[in-house]
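The primary structure of each chain is shown beneath.
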Amino acid sequence: MIDITKGKDWLIKTLRGDQSPDGSWNYPFETGISTDAYMIILLRTLEIDDEELILGLCKRILSKQKKNGSWKLFYDEGDGNLSATLEAYYALSYSGYFEKNDKRLTAAKKFILANGGLEEVSMYTKTMLAITGQYVWPAYSPLPVEFILLPNNFPINFYSLSIYARANLTPIMILASNKFSLKTKKSPDLSDLYVRKESENDWVRSAELRSFLSFIEEGVKNLIGLPTQLRQLAIERAKKYMLDRIEPDGTFYSYYSSTFLMIFALMSLGFKKTDPIIIQAISGIMSMKTEINGLPHMQYTTANVWNTSLISYTLQSAGISPDDPMIVNANHYLLSRQHHKWGDWVIHNPNSLPGGWGFSNINTINPDVDDTTATLRSISRIVPPEHVAWERGISWLLSMQNDDGGWAAFEKNTDSKLLEFFPIEKAKYMLLDPSCADLTGRTLEFLGNYTNLPKSHTIIKKGVHWLQRDQRKDGSWYGRWGICYIYGTWAAISGLAAVGIPHHETNIQLAVKWLQSIQNDDGGWGESCHSDSKEKYVPLYKSTLTHTSWALDALITASEKPTIEIRKGIEYLLESLDTYDWTIDYPAGQGMAGAFYIHYHSYRYIFPLLALLHYENKFGK
């Protein structure tokens, strides 16, 4: 028999010791060096001389540089990432602490030029460069600001976009319309990073995309009013959209990128950099600073609610009493973060009251399905069904089911296929909020294991049918918010089993065989971040604790006895709990394929503990 007691106790002890005084767990939400670079650029552009922070961020950025001068988004990305390298080079140059002939900068410059130069960086990096005077705004905006005026019955309109897209594109539309640019005396000269020695004046190179733009323009022309009046009306509406969605800490939707862009958008509208709204916005993103290995990191957002809900229900699953002060404090924190305001989700879901939970510590208007189910799991043992918080949470969750039967992250029925043709880079990932296997699977798991909703209920049947249709031919499911096929397959199997789909059913057996076929020789599992961009499973050729835990948990759920694959996986977990190599830092979450990846510092504790617990509960010690 495999003894998991020592490993389980170590994980519980570690989590207990890491809880914050307010009851939450504030493990870092780590997203590479882009936010660190942007912080240096922001501070220098606004002439805020926080030298201690700038020096600390420079040290962190340099600590991540590769031998060839590049920076990567993930370990096995290849030679390096052009946009990340350009952002790091720009920030280090702008900091003022490095000479242009510094060997680290010259190595970065060599990589940038060898990979196409400044012209080939991402659209979002070009936007930042244009804002700060290093790139020419396009003659025609990729998305005219008048787009915000299109009525909701137009085939594509502002609220067709996902909430994440609206948060980031709204300030970009204002900035592009005003061709805003702000340089300072300390601005570095990046002109030697152009390969063609000329700035690109048109960011939309595809004839198909230009045709699509003309479709939007036709819709705008049908609006009543003179062009100048329409533009001013659109800018005012865009400004109001931002200002109405500022969180209590001053951030725009509690995202770093949207707040960064909002600051410049407001300045393009005449706001002084000393305006209280801008000062508060800077303070808000400063408050998201964390420390990793003794160096500062600017988090893209905080993950307190997500960490706390996952950890609290995992610890309760481990036998920690709901009356234990650790759990009491955690659930008190979570109950205090339930939403009471209407957010944009109400546009497509007008018949529900607020009641969900958001991701970050400060989030009050942008709830999501994942955090809501995770929090409801945590409070399920202490809150009787008639309690108002439980009822409001369940009601909101059920109301968010898409018409196709699945669940998305933030909004309902925000999945227009037309948006994939938008002249916006990574449109599929940024603009859409579709039903996905990870959200749908975990929602079904919650409904099946934590509520009395009958398995024959229409809501559950629709969710099951969506998952069954979404399965890939090889047996896997794609997970939108994690890496990636292992993640989606784990969530789908867990969800289907929880609502009564038998283990011998074809969908589950096919998924089990797929998971078994990709197990590594050491007993673990590992998946590359390349999976999302390539839209197929890509092995990492190295096992990670998190991927192993997901795969194991899925196999445990779908097995009647501890198979060889399960035993090998458990042995790998127990032997690797105290691992500290690059696999621990490997991203387990994604925001945008090929561009935005997340290392959750809490996952190395949460998911191994869950897998061990489920193994023990089902098969004994």
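Going by the structure above, here's the rest.
Now for a quick tour of the structure. (Residues numbered from 1 in each chain as written. Predicted model: local features only at pLDDT ≥ 70, side-chain atom pairs only at ≥ 80, totals over all residues. Heavy atoms only, no water.)

Attention now goes to the overall build of the chain. Per the secondary structure count, the chain includes 25 helices and seven strands. The C-alpha radius of gyration computed for the chain amounts to 24 Å, which stays within 12% of the reference 25 Å derived for 621 residues, consistent with globular compactness. Dimensions of the chain, computed from C-alpha atoms along their principal axes, come out at roughly 70 × 60 × 45 Å. Contacts in the chain between residues far apart in sequence, at least 24 positions, make up 74% of those at least 6 positions apart. Put simply, the chain shows about 24,100 Å² of open surface, and 52% of that area lies on carbon and sulfur atoms. The chain carries 62 positive and 68 negative side-chain charges, and their two centres are separated by 2 Å. (Helix = DSSP H or I, 4+ residues; strand = E, 2+ residues; numbered from the N terminus. Rg over C-alpha atoms; globule rule 2.2 N^0.38 Å. Contact = heavy atoms within 4.5 Å. Areas by Shrake-Rupley, 256 points an atom, 1.4 Å probe, with all protein chains shown as cover. Lys, Arg positive; Asp, Glu negative; His and termini not counted. Charge placed at Lys NZ, Arg CZ, Asp CG, Glu CD.)

A separate point is the sheet that holds strand β6 (residues 589–592). Hydrogen bonds between backbone atoms are what pair the strands of a sheet, whose relative direction is either parallel or antiparallel. If you trace the three strands from one edge of the open sheet to the other, you get β1-β7-β6, paired in antiparallel fashion. Every interior strand has two partners, whereas the edge strands, β1 (29–30) and β6, have only one. Two strands pair when backbone bridges link them, and β6 and strand β7 (residues 596–600) are joined in this way by three bridges, in the antiparallel orientation. Looking across to β7, one finds that glycine 589 is bridged to isoleucine 598. (Pairing = 2+ DSSP bridges.)

We now examine the packing of helix α19 (residues 485–498) against helix α20 (residues 506–517). Packing of α19 against α20 brings their axes to within 11 Å, and their N-to-C directions diverge by 145 degrees. Note on packing geometry: the crossing formed by α19 with α20 is left-handed. Residues Tyr485, Ile486, Thr489, Ile493 and Leu496 of α19 touch α20, and the partners they reach there are Ile508, Ala511, Trp514 and Leu515. Class assignment of the residues belonging to the contact of α19 with α20 gives a composition of eight nonpolar, one polar and no charged. (Axes fitted to C-alpha atoms, helices over the stretch in contact; angles between N-to-C directions. Left-handed = near helix turned anticlockwise from the far one by under 90°. Nonpolar A, V, L, I, M, F, W, Y, C, P; charged D, E, K, R; others polar.)

So, about helix α7 (residues 163–178). With 16 residues, α7 extends 23 Å between its outermost C-alpha atoms, agreeing within 8% with the 22 Å of an ideal straight helix rising 1.5 Å per residue. At leucine 169, α7 shows its maximal kink, close to 30 degrees; a proline, proline 171, follows between one and four residues later. Burial within α7 is extensive, with 15 of its 16 residues counted as buried. Phi for lysine 179, located one or two positions after α7, is positive at around 50 degrees. (Expected span 1.5 Å × (residues − 1). Bend = angle between axes of the 7 residues up to and from the residue. Buried < 20%, exposed > 50% of the residue type's maximum accessible area, 1.4 Å probe, protein only.)

Moving on, we come to helix α6 (residues 123–131). A large share of α6 lies buried, amounting to nine of its nine residues. When α6 is considered as a whole, its buried residues turn out to be Met123, Tyr124, Thr125, Lys126, Thr127, Met128, Leu129, Ala130 and Ile131. With its phi angle positive at about 80 degrees, glycine 133 sits one or two positions after the end of α6.

With respect to the helices and strands, serine 95 occurs in helix α4 (residues 82–95). Engagement of the side chain of serine 95 in a polar contact is seen with the backbone nitrogen of tyrosine 97, the distance being 3.2 Å. Beyond its immediate chain neighbours, meaning those up to four positions away, serine 95 contacts Ile40, Arg44, Ile54 and Cys58. (Polar contact = N/O pair within 3.5 Å; in protein donor to acceptor, adjacent residues only side chain to side chain.)

Let us look at the packing of aromatic side chains. This structure, assessed with the given rule, holds 37 aromatic pairs. Between phenylalanine 158 and tyrosine 241, the aromatic rings sit 5.1 Å apart at their centres with planes inclined by 85 degrees, giving edge-to-face as the arrangement. Of this pair, phenylalanine 158 sits in the loop between α6 and α7 while tyrosine 241 sits in helix α9 (residues 227–243), and the two are 83 residues apart along the sequence. Judged by relative accessible area, which is 4%, tyrosine 241 ranks as buried. Ring centres of phenylalanine 446 and tyrosine 450 lie 5.8 Å apart, and the angle between their planes is 15 degrees; on these two criteria the pair is classed as stacked. Of this pair, phenylalanine 446 and tyrosine 450 both sit in helix α17 (residues 437–450), four residues apart, roughly one helical turn. Through a chain of ring-to-ring contacts, the aromatic side chains of Phe29, Trp306, Phe359, Tyr487, Trp490, Trp550, Tyr600, Tyr603 and Phe607 assemble into a single cluster. Across the ring face of tryptophan 481, the terminal group of arginine 480 is positioned such that the distance to the ring centre comes to 4.0 Å. The aromatic ring of tyrosine 580 is capped on one face by arginine 604, whose charged end is 4.4 Å from the ring centroid. (Phe/Tyr/Trp six-rings, centres within 6.5 Å; stacked < 30°, edge-to-face > 60°. Lys NZ or Arg CZ within 6 Å of the ring centre and 35° of its normal.)

Let's shift gears to the pairing of β7. β7 sits mainly inside the fold: five of its five residues count as buried. In β7, alternate side chains face the same way, and those of Phe596, Ile598 and Tyr600 on one face and Tyr597 and His599 on the other are all buried. Both β1 and β7 contribute to a ladder of two bridges, which runs antiparallel. In the strand pairing of β7, phenylalanine 29 is matched with tyrosine 600. With antiparallel pairing between neighbouring strands as the criterion, β6 and β7 make up a hairpin whose turn holds three residues, including glycine 594 at a positive phi of roughly 75 degrees.

Helix-helix packing: each pair is described by the crossing angle between the helix axes and the interaxial distance. Relative orientation of the contacting elements helix α23 (residues 564–576) and helix α25 (residues 603–619) amounts to 135 degrees, with a least axis distance of 11 Å. Relative to α25, the element α23 lies oblique. For α23 against α25, the interelement crossing comes out left-handed. Of the residues in α25, those in contact with Ile566, Arg567, Ile570, Leu573 and Leu574 of α23 are Pro608, Ala611, Leu612, Tyr615 and Phe619. Taken together, the residues of the contact of α23 with α25 sort by class into nine nonpolar, no polar and one charged. (Parallel < 35°, antiparallel > 145°, perpendicular 65-115°, else oblique.)

Turning our attention to the nonpolar core. Core analysis: the largest hydrophobic core is formed by 200 residues, its most contacted members being Met39, Ile61, Leu129, Tyr256, Ile263, Leu315 and Trp407. Take this core: its biggest share by element is eleven residues, from α25. Apart from the residues within four sequence positions on either side, leucine 315 is in contact with Ile12, Leu15, Trp25, Ile320, Met326, Ile327 and Leu609. (Core = buried A, V, L, I, M, F, W, Y, C linked by side-chain atoms within 4.5 Å.)

Okay, the environment of isoleucine 566 next. Note that isoleucine 566 resides in helix α23. Those residues within four positions of isoleucine 566 in sequence are excluded, and the remaining contacts are Leu552, Leu555, Ile556, Ser559, Lys561, Tyr615 and Phe619.

Let's shift gears to the side chain of threonine 290. Topologically, threonine 290 is positioned in strand β2 (residues 289–292). When neighbours within four sequence positions are excluded, threonine 290 is seen to be in contact with Pro28, Leu295, Pro296, His297 and Gln299.

What the rule picks out here adds up to 20 salt bridges. Across the salt bridge formed by glutamate 51 and arginine 44, the nearest N and O atoms sit 2.9 Å from each other. Across the pair arginine 245 and aspartate 344 runs a salt bridge, and its minimum N-O distance is 3.0 Å. Highlighted residues: arginine 245 in the loop between α9 and α10 (256–268) and aspartate 344 in the loop between α13 (325–336) and α14 (369–379), separated in sequence by 99 residues. There is no split in this pair, since arginine 245 and aspartate 344 are both buried. Taken together, the salt bridges that share partners define one network made up of Glu30, Asp36, Arg60 and Lys64. (Salt bridge = Lys/Arg side-chain N within 4 Å of Asp/Glu carboxyl O.)

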